[in-house]
Amino acid sequence: MSSPSASPPPAPPHLSTPFNHALLAGALAGTTVDLTLFPLDTLKTRLQSAQGFFASGGFSGIYRGVGSAVVGSAPGAAFFFVTYEGTKNFLSQTRWLGGRDGRDGNAAAVTHMLAASAGEVAACAVRVPSEVVKQRAQAGQHGGSSLSSLRHILGLRGAIGLRGVWMELYRGWGITIFREVPFTVIQFPLWEALKAFGRERRERTGRGLFGDLRREGVDEVGAAESAVYGSLAGAVAAGVTTPLDVLKTRVMLSTERRGFASLAAEILRDHGVRPFFAGIGPRVMWISIGGAIFLGSYQWAVNAMQGRRETVSREREL
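Residues numbered from 1 in each chain as written. Predicted model: local features only at pLDDT ≥ 70, side-chain atom pairs only at ≥ 80, totals over all residues. Heavy atoms only, no water.

As annotated in an unreviewed UniProt entry, the protein chain is Mitochondrial carrier from Coniochaeta hoffmannii. Taken verbatim from the UniProt record of the protein chain, the Sequence similarities (unreviewed entry) comment is "Belongs to the mitochondrial carrier (TC 2.A.29) family." Taken directly from UniProt, the Subcellular location (unreviewed entry) text for the protein chain runs: "Membrane". (UniProt positions renumbered as here; feature names shortened; annotations may be inferred.)

Okay, structure coming up:
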């Protein structure tokens, strides 16, 4: 019989987020941020379109494609956080890479990178089709609505078959993964590191970024503090990955299937480096604000459910 010390200790509260909490909080966060910032996303898409900003619609109809965003937001974000939290908890509890309960800085960073990467791959199963439909509607293609864009793609079945329709819905899958994984590899370890700094500061001084926001039974930073950290992490990741975002947009809006490598070479040859940073201003602003809303609302929901869980646990003990 193995001794109690042989098995890994339970993860600290800030590393353990139950499945249902991650599912509900992720769905809430995804829907909130996508609906709030949809107009900025539309402007960014049109700036990156090969047709040009005004040819793609300019400042009119900035809510085109919102239907596909509504459909894809909740499940996409829920998939991400369920996978992210599950992978993070598994790697932390098994002391993967020699980490000890998430306290080893290097091990924690690698754990967060791997967890975020796995989360993005899972989320893209939902996100890519809704993104294809949304961006075509935003650019005014096929009638300028999510429904008309989806009908156009489904209507291609007679010409390209069911497999062709499936590939059309998942056009840009590779470049989306190629964009999202580096983005989350930057954003989430930075967000987690900033939160760890916030927890350490609170333990040392007894105060959070906005005063003492610690709720009894919840070992986490507050929603507002998480929002600030999410905004900073998102802004950094957005600026660095803008060239990948441009390529993803061009691939999804192209009238024919294009490989992102050949497309990148063509843009570089014909127009130089400048197009790769098209829309960087709206993208950084959008994701900076979005990071605050997304990760702030996620933290709020998790903290609320965590606090309720702790309250119920104490009531049961009594």
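Engineer: Any chance you could break down the overall build of the protein chain for me, citing the residues and the numbers?
Structural biologist: Each helix and strand counted, the protein chain has 11 helices and zero strands in total. Across the protein chain, helices and strands are ordered from the amino to the carboxyl terminus as α-α-α-α-α-α-α-α-α-α-α. Out of the 318 residues belonging to the protein chain, those deemed buried represent 49%. In the protein chain, the proportion of contacts linking residues at least 24 apart, taken out of those at least 6 apart, comes to 77%. (Helix = DSSP H or I, 4+ residues; strand = E, 2+ residues; numbered from the N terminus. Buried < 20%, exposed > 50% of the residue type's maximum accessible area, 1.4 Å probe, protein only. Contact = heavy atoms within 4.5 Å.)

Engineer: Give a description of helix H8 (residues 223-240) that names residues and reports values.
Structural biologist: The terminal C-alpha atoms of H8 lie 26 Å apart, and with 18 residues this matches the ideal 26 Å at 1.5 Å per residue to within 8%. Looking at H8, one finds that the buried residues are Glu 225, Ser 226, Ala 227, Tyr 229, Gly 230, Ser 231, Ala 233, Gly 234, Ala 237 and Ala 238. (Expected span 1.5 Å × (residues − 1).)

Engineer: How would you explain the side chain of Thr 184 if you had to name every residue and give the values?
Structural biologist: Relative to the elements of secondary structure, Thr 184 occurs in helix H7 (residues 173-205). Setting aside chain neighbours within four positions, we find Thr 184 in contact with Phe 80, Ala 116, Ser 117, Glu 120 and Pro 189.

Engineer: Can you lay out the side chain of Arg 250 for me, pointing to particular residues and giving the numbers?
Structural biologist: Topologically, Arg 250 is positioned in helix H9 (residues 242-253). Of the side chains with opposite charge, Glu 266 comes closest to the buried, unpaired Arg 250, at an N-O distance of 6.8 Å. Aside from chain neighbours lying at most four places away, what touches Arg 250 is Gln 48, Ser 49, Ala 50, Leu 263, Ile 267 and Pro 275. (Lys, Arg positive; Asp, Glu negative; His and termini not counted. Salt bridge = Lys/Arg side-chain N within 4 Å of Asp/Glu carboxyl O.)

Engineer: Which residues make up helix H1 (residues 19-36), and what are the values?
Structural biologist: Look at H1: 26 Å from first C-alpha to last across 18 residues, which is about the 26 Å you get at 1.5 Å a residue. Of all the positions in H1, only His 21, Ala 22, Ala 25, Gly 26, Ala 29, Gly 30 and Val 33 are classed as buried. Down the axis of H1, the sector holding all buried residues measures 140°, keeping them to one side. (Arc of directions from axis to C-beta.)

Engineer: Give a description of the pattern of salt bridges that names residues and reports values.
Structural biologist: As enumerated under the stated definition, the model contains 15 salt bridges in all. Two residues, Asp 270 and Arg 269, come together in a salt bridge whose shortest N-O distance is 3.3 Å. Under the relative-accessibility criterion, Asp 270 is labelled partly exposed at 46%. Given the relative accessible area of 61%, Arg 269 is considered exposed. Taken together, the shared-partner salt bridges in this structure form one network comprising Asp 41, Lys 44, Glu 120, Arg 127, Glu 131, Lys 134, Arg 179, Glu 180, Asp 245, Lys 248 and Arg 283.

Engineer: Break down the packing of helix H5 (residues 146-154) against helix H6 (residues 157-169) for me, with residues and values.
Structural biologist: The geometry of H5 relative to H6 is characterised by a closest axis approach of 8 Å and an angle of 125° between their N-to-C directions. One way to sum up the angle between H5 and H6 is to call them oblique. In this structure, H5 uses Leu 150, Ile 153 and Leu 154 to contact H6, whose residues at the interface are Arg 157, Val 165, Glu 168 and Leu 169. Across the contact of H5 with H6, the residue classes break down as five nonpolar, no polar and two charged. (Axes fitted to C-alpha atoms, helices over the stretch in contact; angles between N-to-C directions. Parallel < 35°, antiparallel > 145°, perpendicular 65-115°, else oblique. Nonpolar A, V, L, I, M, F, W, Y, C, P; charged D, E, K, R; others polar.)

Engineer: Tell me what's going on with the nonpolar core, and back it up with residues and numbers.
Structural biologist: Counting 28 residues, the largest nonpolar core has Phe 81, Tyr 84, Phe 188, Trp 191, Phe 294 and Tyr 298 as its most contacted members. Where this core is concerned, the elements lending two or more residues are H1, helix H3 (66-93), helix H4 (105-138), H7, H8 and helix H11 (280-317). A per-element tally of this core places H11 first, with seven residues. Counting 11 residues, the second-largest nonpolar core is a separate cluster that includes Cys 124, Val 128, Ile 153 and Met 252. (Core = buried A, V, L, I, M, F, W, Y, C linked by side-chain atoms within 4.5 Å.)

Engineer: Go over the confidence of the model for the protein chain, please, and point to the residues and values.
Structural biologist: Of the residues in the protein chain, 85% reach a pLDDT of 70 or more, and the chain-wide mean stands at 81. Per-element confidence in the protein chain is highest for H8, whose mean pLDDT is 95, and lowest for H11, whose mean pLDDT is 78. Here residues 98-102 scores under 50 on pLDDT; set against residues more than four positions off or in separate chains, the count is nine contacts. Confidence drops under a pLDDT of 50 for residues 310-316, and excluding neighbours within four residues, the segment shows three contacts in the predicted structure. (pLDDT = per-residue confidence, 0-100.)

Engineer: Talk me through a nonpolar patch on the surface; I want residue IDs and the actual numbers.
Structural biologist: Together, Leu 209, Phe 210, Val 228 and Leu 232 give the surface a local cluster of nonpolar side chains, amounting to about 340 Å² of exposed area. Inspection of the secondary structure puts Phe 210 in the loop between H7 and H8. Looking at Phe 210, the relative accessible area reads 46%, which means it is partly exposed. (Patch = residues over 30% accessible without salt bridge, like charges linked within 9 Å, V, L, I, M, F, W, Y side chains within 5 Å. Areas by Shrake-Rupley, 256 points an atom, 1.4 Å probe, with all protein chains shown as cover.)

Engineer: Give me the environment of Val 132: which residues, what numbers.
Structural biologist: In this fold, Val 132 is placed in helix H4. Overall, Val 132 belongs to the buried group, its relative accessible area being 0%. Taking the C-alpha atoms as reference, Val 132 lies 9.6 Å from Val 251; in sequence the two are 119 residues apart. Aside from chain neighbours lying at most four places away, what touches Val 132 is Ile 153, Glu 168, Leu 169, Arg 171 and Met 252.

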